[in-house]
Amino acid sequence: MIASFGVLSVALTFLLARRLVGSVPAALAAAALVAVSPLEVVTAHTLRPDVALESFTLLTFLALARLDGSTRADVRAGVAVATAISTKFTGVLLLPSFLLARAAWPRLLRGLAVAGGAALLVGALLTPYAWLNPGGFLRGARYQVAFHYVNRVEHGYLDNAGFFLGSLAEGLGWPATLLALAGLPLAWRERRTWGPVLLLPAVIVLVMSTADWRYARFVLPALGPMAVLAALPLARLQARRGTLAALLAGALACAWPLRTSWNYSANIAGQIPRDRALDWIEAEVPSGSVILDLRPDIGLGLDRRRYEVLEAVERRSPLDPLVAAHADYVVAGPGLSRRWGPLE
């Protein structure tokens, strides 16, 4: 299902680029950038809602591009935004883009009321738990937000912002990032159309940088819009130098991220490290052994009928060395085995 949303995002990127840029070769290049993006490929190999959110984000921008002040367009936009928010709560970061896009058309208050009503109805249908058990829903929402603010600040705000900007650049590839930067002044000239698209990456970076936890996949919803922005200079190149020049430039921009994604796909085509670790444990560790798993979040898949498995309550707990002293084996996981010292 997640991989299917990834493919859908490629198609939606093409449709959005064709509408905003007006060039089929440039739109193909934008779609190709999403298809070969390491950020897209890696995240689509995991069970994460970020890939689905990316698809609904692109659908939202397609709906915003069709705003014309009519009731039908407002309903369409409200439904799209609600679907994104229902997929993952960070979909609320689309709201500034929606407000900016809707403010460009007349009857603003009426439009907001219509879109808001449609959003509430669709949100209730897609998230029935919100009204079947509102107390539990709100507790869950607070927990989801609080999880990212654990009062353990390892990185400053600017460091986080640099991380997210770098993740977006690596997801596009540096050649395409340069194209996107070249597209900024071109998009600014048509800011009524491009303003909502440009606003989302900025909002994601500004908001996500306040949290303690940071993952590259948090910027995935901005990948498609940034690929569309990178297509804008290609459309200008096509107008001046022809279709072949635009296609060649797009292919060169895709070559950089394609190499990384190809290597990643080749590496996971066989056994991944956790599979090899589990094979070794099952072959070498006697039945009945006590195993302390310091990284249960990895999901190694230890056979609990054969072993007594103890799981760490939290990562890097001070109790881990004490428990490990009474275990036969310890699954340390990436980066943890170096800190055990004499206990090893």
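Residues numbered from 1 in each chain as written. Predicted model: local features only at pLDDT ≥ 70, side-chain atom pairs only at ≥ 80, totals over all residues. Heavy atoms only, no water.

Engineer: Sorry if this is basic, but what is going on with empty space enclosed by the protein here?
Structural biologist: Rolled over the atoms, a probe as big as a water molecule pinpoints where empty space is left. Per the counting criterion, the structure on display carries 1 cavity of 30 Å³ or more. Here the largest cavity is characterised by a volume of approximately 70 Å³. Together, Leu-53, Thr-57, Thr-90, Gly-91, Leu-93, Leu-94, Leu-200, Ile-204, Met-208, Phe-218 and Pro-221 line the largest cavity. Mapped onto the lining of the largest cavity, the elements with two or more residues apiece are helix H4 (50-65) and helix H12 (191-208). Take the lining of the largest cavity: its biggest share by element is 3 residues, from H12. Partitioning the lining of the largest cavity into residue classes produces 8 nonpolar, 3 polar and no charged. (1 Å grid on protein atoms, 1.4 Å probe; cavity = no way out; pocket = protein on both sides within 12 Å on 5 of 7 lines; lining within 4 Å. Points joined across faces, edges and corners; volume = space filled by probe spheres on them. Helix = DSSP H or I, 4+ residues; strand = E, 2+ residues; numbered from the N terminus. Nonpolar A, V, L, I, M, F, W, Y, C, P; charged D, E, K, R; others polar.)

Engineer: Just to check I follow, could you spell out the nonpolar core for this structure?
Structural biologist: Core analysis: the largest hydrophobic core is formed by 67 residues, its most contacted members being Val-21 and Trp-194. Among the elements that make up this core, the one with the highest residue count is helix H13 (residues 223-241) (10 residues). Setting aside residues up to four positions removed in sequence, Val-21 forms contacts with Ala-26, Trp-194, Val-228, Ala-231, Leu-232 and Ala-235. (Core = buried A, V, L, I, M, F, W, Y, C linked by side-chain atoms within 4.5 Å. Buried < 20%, exposed > 50% of the residue type's maximum accessible area, 1.4 Å probe, protein only. Contact = heavy atoms within 4.5 Å.)

Engineer: Where do I start with the pairing of strand E1 (residues 290-293) in this structure?
Structural biologist: Across a regular strand the side chains alternate sides, sitting on one face of the sheet and then on the other. Every second residue of E1 is oriented toward a common face, with Val-290 and Leu-292 on one face and Ile-291 and Asp-293 on the other, all of them buried. One ladder, built from 4 bridges, connects E1 with strand E2 (residues 308-311); its direction is parallel. Within E2, the residue paired with Leu-292 across the bridge is Leu-310. In this sheet, strand E3 (residues 329-331) lies alongside E1 in parallel orientation, the contact comprising 3 bridges. Looking at the pairing, Asp-293 lines up with Val-331 of E3. (Pairing = 2+ DSSP bridges.)

Engineer: Quick question: what am I supposed to make of the pattern of salt bridges here?
Structural biologist: A complete count under the given rule lists 7 salt bridges for this structure. Between Asp-303 and Arg-305 there is a salt bridge, and its shortest N-O distance comes to 3.3 Å. Overall, the relative accessible area of 79% leaves Arg-305 in the exposed class. A salt bridge links Glu-311 to Arg-304; the shortest N-O distance between them is 2.4 Å. For Glu-311, a relative accessible area of 43% puts it in the partly exposed group. What emerges from the salt-bridge pattern is a single network uniting Asp-50, Lys-88 and Arg-217. (Salt bridge = Lys/Arg side-chain N within 4 Å of Asp/Glu carboxyl O.)

Engineer: Would you take a moment to explain the packing of helix H10 (residues 157-172) against helix H11 (residues 174-189) for this structure?
Structural biologist: How two helices sit against one another is set out by the angle between their axes and by the gap between those axes. Where H10 contacts H11, the axes come no closer than 6 Å and their chain directions differ by 110 degrees. With respect to H11, the element H10 is oriented roughly perpendicular. By crossing handedness, the relation of H10 to H11 is classed as right-handed. On the side of H10, the interface is formed by Ala-169, Glu-170 and Leu-172, while H11 contributes Trp-174, Ala-176 and Thr-177. Looking at the contact of H10 with H11 residue by residue, the classes come out as 4 nonpolar, 1 polar and 1 charged. (Axes fitted to C-alpha atoms, helices over the stretch in contact; angles between N-to-C directions. Parallel < 35°, antiparallel > 145°, perpendicular 65-115°, else oblique. Left-handed = near helix turned anticlockwise from the far one by under 90°.)

Engineer: When you look at the packing of helix H1 (residues 2-21) against H13 in this model, what are you seeing that I'm missing?
Structural biologist: Closest axis-to-axis distance for the H1/H13 pair is 9 Å, and the angle between their directions is 45 degrees. With respect to each other, H1 and H13 are oriented oblique. Crossing angle aside, the handedness with which H1 passes H13 is right-handed. Here Thr-13, Leu-16, Ala-17, Leu-20 and Val-21 of H1 lie close against H13, whose contacting residues are Gly-224, Ala-227, Val-228, Ala-231, Leu-232 and Ala-235.

Engineer: Is there a simple way to think about the sheet that holds E2 in this case?
Structural biologist: Where strands meet in a sheet, backbone hydrogen bonds hold them as pairs that are either parallel or antiparallel. With respect to topology, 3 strands assemble into an open sheet ordered E2-E1-E3, the strand pairing being parallel. The open sheet has two edge strands with one neighbour each: E2 and E3. Direction aside, the axes of adjacent strands within the sheet are offset by 25 degrees on average.

Engineer: Please explain the side chain of Arg-217 as it appears in this structure.
Structural biologist: The topology assignment puts Arg-217 in the loop between H12 and H13. Given a relative accessible area of 17%, Arg-217 falls into the buried group. Separated by 3.4 Å, the side chains of Arg-217 and Asp-50 make a polar contact. In contact with Arg-217, not counting residues within four places along its chain, are Leu-39, Thr-43, Arg-48 and Asp-50. (Polar contact = N/O pair within 3.5 Å; in protein donor to acceptor, adjacent residues only side chain to side chain.)

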